[in-house]
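Examining the three-dimensional arrangement
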Amino acid sequence: MAKTELNRKIDTETEVEDSTNLKGTLASVMILGAILIITWVGLYMLFLSR
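Just so it is clear, the structure is predicted and the values come from calculations on it, not from any experiment. (Residues numbered from 1 in each chain as written. Predicted model: local features only at pLDDT ≥ 70, side-chain atom pairs only at ≥ 80, totals over all residues. Heavy atoms only, no water.)

**Side note on the overall build of the protein chain**
Put simply, the rule is: Put simply, DSSP H or I for four residues or longer makes a helix, DSSP E for two residues or longer makes a strand, and each gets a number counted from the N terminus. When accessible area is computed with a 1.4 Å probe and restricted to protein chains, residues below 20% of their type maximum are described as buried, those above 50% as exposed, and intermediate ones as partly exposed.
Along the backbone of the protein chain there are two helices and zero strands. By the burial criterion, 0% of the 50 residues in the protein chain qualify as buried.

**Remarks on the UniProt feature "transmembrane region" (unreviewed entry) in the protein chain**
The condition that has to hold: UniProt positions are given in the numbering used here, feature names are shortened, and annotations may be inferred rather than shown by experiment.
Feature annotation in UniProt assigns "transmembrane region" (unreviewed entry) to the following positions: residues 26–47. Within residues 26–47, the helical portion is 100% and the strand portion 0%, while the C-alpha atoms at the span's ends are 31 Å from each other.

**Some words on helix α2 (residues 22–49)**
This is how the line gets drawn: Expected span of a helix, by definition, is 1.5 Å for each gap between consecutive residues, and there is one gap fewer than residues.
For α2, with 28 residues, the first-to-last C-alpha span of 41 Å sits near the 40 Å given by 1.5 Å per residue. Counting buried positions over the 28 residues of α2 gives zero, only a small fraction of the element.

**Details of a nonpolar patch on the surface**
Quick reminder of the rule: To count toward a patch, a residue needs a relative accessible area over 30% and no salt bridge; like charges are then connected within 9 Å, while nonpolar side chains (Val, Leu, Ile, Met, Phe, Trp, Tyr) are connected within 5 Å. Reported accessibility uses the Shrake-Rupley method at a 1.4 Å probe radius. Residues are deemed covered only where the shown protein chains occlude them. A side-chain nitrogen of Lys or Arg and a carboxyl oxygen of Asp or Glu constitute a salt bridge if their distance falls within 4 Å.
On the surface, a cluster of nonpolar side chains totalling about 680 Å² of accessible area is made up of Ile37, Val41, Tyr44, Met45, Phe47 and Leu48. Structurally, phenylalanine 47 can be placed in helix α2.

If you want it as structure tokens, here you go:
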């Protein structure tokens, strides 16, 4: 079956978006992970102190 113009356009736009947003994604995941770890450690220290 022949590809339509719409399918070709979507494929090229997806490739461009994937390669440009990886640095921001990594930073967001690292910040979120740090917040979760700090929260867990803080709650554990609170648990130990009581």
